[in-house]
Each structure stands twice: as structure tokens, then as C-alpha cells.
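# Geometric and topological summary
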Amino acid sequence: MSVIDRPKGQQPTATYDSAFLKACRREPVPHTPVWFMRQAGRSLPEYLKVREGIPMLESCMRPELVAEITLQPVRRHKVDAAIYFSDIVVPLKAIGVDLDIKPGVGPVVANPIRTRADLDQLRDLTPDDVWYVTEAMGLLTRELGATPLIGFAGAPFTLASYLVEGGPSRNHEHTKSLMYGDPQLWADLLDRLADITAAFLKVQIEAGASAVQLFDSWVGALAPADYRRSVLPASAKVFRAVESYGVPRIHFGVGTGELLGLMGEAGADVVGVDWRVPLDEAARRVGPGRALQGNLDPAVLFAPTSVVEQKAQEVLDAAAGLEGHVFNLGHGVLPSMSPDALTRLVEYVQTRSAR
């Protein structure tokens, strides 16, 4: 029996019987729940208006602003879950790592980690370091009511990639060089990042998150053997650290078709699938006992509505035999995507899948 089959040591919360949490628990649902990665921001004009002139990291540290941005897609699209507005590098910034998010580039680290001495940049994360998360989540859970709030964090590998490369990388040369060339330093780096990530997720859960998602955006760059040896132990440590809370744990990566089984093995209750692998095949790779999330190609949203609905139906059909399914895109909402197209997609999925 999964740890999420029933609440542990507490009465069901307002969100417990939501379609989203039921799907995560692999229970019958009134309709297939739907939410979108990066639904908070990017494509919404109301987001661009409230964020105008405010740097990304600063916007993540203003509780009222975070709450407003998180709520915007729930109001507009009527999605079945909200996802907390933040960035995966926030906990690193909170512990004093010298980094910034450069527009059009992404996270840039001033002093990349390449030697054992560089590990000194990574101290433990405490709740006081991210007080604004606790405050914002308190605002959100009061406003959301029965709509679940998803917390999230970057997975150890993806955080390590930014820290070692000094920023985004296409080939991850420095990252792989460290992983292959100094496996003990690599293991120590990921272990420390696992502790920081787990602490960050615990803050979110204790502040009211109904589920958490671990984003491993860059792990698709690895072969399965390298993932099992050099990444899985740290990701599993994160999932174990939050298991006792009894909230669903979602694991998502991009280009991870060959890793799906291993990602589930790391401890996820729900495995996110990008658009490259059909959900029925993904279910075979992941194995029984886990729900799936996904997996419409985001680019489909630029096609005519009839095409979007056709492709969405294909996803629903592929998911028909799954133990549990949360509809999502196979990656995040694109900045130039029409908000109206997203709203129509939510309505289509909820209506067509209604029991």
C-alpha cells in the first residue's frame, strides 16, 4: 500500500478529495485533473503586468506577489491544482550562493563548483532562510480552499549542473567531467544538494503544500547506467526525506524516456512523462503502483483548436488503462502561448473525461 493511500495521523484536509489528489493516489476520479507546468506566469498578461520591473529572484521573495501570481492561472484557466510560483535556484540563493537569473539566459553562478573546497558554498537550509515561502503558502492555502497547491524543487542533478557549469549548458561538459572524473566529490555534492532540496520541500509541505514535484530538467542528458549509479541515490534520498508527510511525490524530467523506470524507482508516487513517449508505453516502462502525469506536446497549443482537441484526446485515450493519470503538458507552458488556448484545453479535458 502506498504511503499516500490515506492521510497519516490526521483528518482529511479540504483538498484530500480533489480530483488531482485522487488521481495521484490512483483512485477513481470525477474527471481527469489537469494543470500545467509553468502555468503561473510566462504567457499571462496579468503576470507580465504585476512582474513589470521586478527581477525574477526578487519576485520569488515577495509573499503577496507570489500568491497573486500562483492564483492567476487558477482563476483564468480553472485548473485542478495550483503550482507554487518560484524558481529551482531559490534555495541556493537563500543559503548564500552568489547567483542571479539573467533574462534570456537563466541562472548564472558567479563561482562554479569544481573542487572540494567549493562545496563550502552549500550550507544547510533552514526554514528561516525561506520565511517568504511559508508566508506565501499560508496566503495561498487560505485562498485556494479545496484546490490543491503543489510545491516543488529542483532535483540534485539539475541543481548540480547549474552549479558546476556556472549556468545553463547544452552538453554538460563540466558536469559530466566531474561525475566521471571525481565520483566521490560528485556523490558528496549531490548528497549535500539532496539535503538542501529535502529541507526546501519540507518547508513547503509544512506550510500547506498538498503535493510536491521534483524537477530534474537536465537529467535526460544521462544514460540509464549513469543515472542509476550517480543520480538515483540522491533523488531517492529526497523522496525518502518527505515520505512520512503522506503527500504525493511527483518526479519529472525532460528527455527521460529511457529513465522512466528508474525515476519511479527513486521513490515517486507519480512519474511525469514528456511528449516523446506515449503514456501507455510509459506505463509499461514505469511499472505498476504509480500514477503518470503528462503529456501533450506544448507546441500543439499553437495549432488550430480542432487539432489541439484531437491531440489531447489521443493523450486521454493512451491514459485510459492507467492506474492514475494527471493531464499536463510534456513540458512547460511556452511564453508566446495563447492563454485562451490553455483555457479551452482545460475545459476540453475536464469535460471529455467526466465520469
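Residues numbered from 1 in each chain as written. Predicted model: local features only at pLDDT ≥ 70, side-chain atom pairs only at ≥ 80, totals over all residues. Heavy atoms only, no water.

### What about the overall build of the protein chain?
A count of helices and strands for the protein chain gives 15 helices and nine strands. Relative to its length of 355 residues, the protein chain is compact, with a C-alpha radius of gyration of 19 Å against a globular reference of 20 Å. Seen through its C-alpha atoms, the protein chain measures out along the principal axes to roughly 55 × 45 × 45 Å. Split into buried and exposed, the 355 residues of the protein chain put 57% on the buried side. (Helix = DSSP H or I, 4+ residues; strand = E, 2+ residues; numbered from the N terminus. Rg over C-alpha atoms; globule rule 2.2 N^0.38 Å. Buried < 20%, exposed > 50% of the residue type's maximum accessible area, 1.4 Å probe, protein only.)

### Things to note about the packing of helix α4 (residues 63-77) against helix α6 (residues 131-144)
Viewed as axis vectors pointing N to C, α4 and α6 meet at an angle of 40 degrees, and their least axial separation amounts to 8 Å. Classified by the interaxial angle, the pair formed by α4 and α6 is oblique. Classified by chirality, the crossing of α6 by α4 is right-handed. Residues Pro63, Glu64, Val66, Ala67, Thr70, Leu71 and Val74 of α4 form the contact with α6, whose own contacting residues are Trp131, Tyr132, Glu135, Ala136, Leu139, Leu140, Glu143 and Leu144. Tallied by class, residues from the contact of α4 with α6 come to eleven nonpolar, one polar and three charged. (Axes fitted to C-alpha atoms, helices over the stretch in contact; angles between N-to-C directions. Parallel < 35°, antiparallel > 145°, perpendicular 65-115°, else oblique. Left-handed = near helix turned anticlockwise from the far one by under 90°. Contact = heavy atoms within 4.5 Å. Nonpolar A, V, L, I, M, F, W, Y, C, P; charged D, E, K, R; others polar.)

### Description of helix α7 (residues 156-165)
Along α7, ten of the ten residues are buried, which leaves the element largely enclosed by surrounding structure. For α7, every residue scored as buried is listed here: Pro156, Phe157, Thr158, Leu159, Ala160, Ser161, Tyr162, Leu163, Val164 and Glu165. Glycine 166 lies just past α7 and shows a positive phi near 90 degrees.

### Structural notes on the packing of aromatic side chains
Taken as a whole and assessed by the stated rule, the structure comprises six aromatic pairs. Between phenylalanine 215 and phenylalanine 252, the ring centres sit 6.2 Å apart and the planes meet at 80 degrees, which makes this aromatic pair edge-to-face. With phenylalanine 215 in strand β5 (residues 211-216) and phenylalanine 252 in strand β6 (residues 249-253), the pair connects residues that are 37 residues apart, well separated along the chain. The class for phenylalanine 215 is buried, based on a relative accessible area of 13%. Judged by relative accessible area, which is 2%, phenylalanine 252 ranks as buried. Through a chain of ring-to-ring contacts, the aromatic side chains of Phe152, Phe215 and Phe252 assemble into a single cluster. In this structure, arginine 25 is placed above the aromatic ring of tyrosine 16, and the distance from its NZ or CZ to the ring centre is 3.7 Å. (Phe/Tyr/Trp six-rings, centres within 6.5 Å; stacked < 30°, edge-to-face > 60°. Lys NZ or Arg CZ within 6 Å of the ring centre and 35° of its normal.)

### Concerning the confidence of the model for the protein chain
Scored by pLDDT, the protein chain comes out at a mean of 95, with 97% of its residues at no less than 70. Between residues 1-12, whose pLDDT stays under 50, and residues either more than four places distant or in other chains, the model counts 22 contacts. (pLDDT = per-residue confidence, 0-100.)

### Remarks on the nonpolar core
What tends to happen in soluble globular proteins is that the nonpolar side chains get buried as a cluster. Formed by 128 residues in total, the largest nonpolar core has its most connected members in Phe20, Leu122, Leu189 and Leu345. At eleven residues, the largest contribution of residues to this core is made by helix α9 (residues 183-206). Ignoring anything within four residues of it in the chain, the contact list for phenylalanine 20 reads Pro33, Trp35, Asp80, Ala81, Pro148, Ile150, Ala211, Ile250, Gln293 and Val326. (Core = buried A, V, L, I, M, F, W, Y, C linked by side-chain atoms within 4.5 Å.)

### A closer look at the pairing of strand β9 (residues 325-329)
The element β9 is largely enclosed, with a buried count of five among its five residues. Inspection of the sheet shows strand β8 (residues 291-296) paired to β9 by five bridges, in the parallel sense. When the sheet's bridge partners are listed, glycine 294 is paired in β9 with phenylalanine 327. In this fold, the crossover linking β8 to β9 by way of helix α14 (residues 305-318) has right-handed handedness. (Pairing = 2+ DSSP bridges. Right-handed = clockwise from strand over helix to strand, strands pointing away.)

### Quick look at α4
For α4, built from 15 residues, the straight-helix expectation of 21 Å at 1.5 Å per residue is met to within 8% by its first-to-last C-alpha distance of 22 Å. The largest bend along α4 measures about 25 degrees and falls at leucine 71, with the proline proline 73 one to four residues further on. Looking at α4, one finds that the buried residues are Pro63, Leu65, Val66, Ala67, Ile69, Thr70, Leu71, Gln72, Pro73, Val74 and His77. Tucked into the core, α4 has its buried residues touching α2 (45-51), α3 (56-59), β1 (82-83), α6, β4 (149-154) and α15 (339-352). Positioned one or two residues after α4, lysine 78 has a phi angle of 60 degrees, which is positive. (Expected span 1.5 Å × (residues − 1). Bend = angle between axes of the 7 residues up to and from the residue.)

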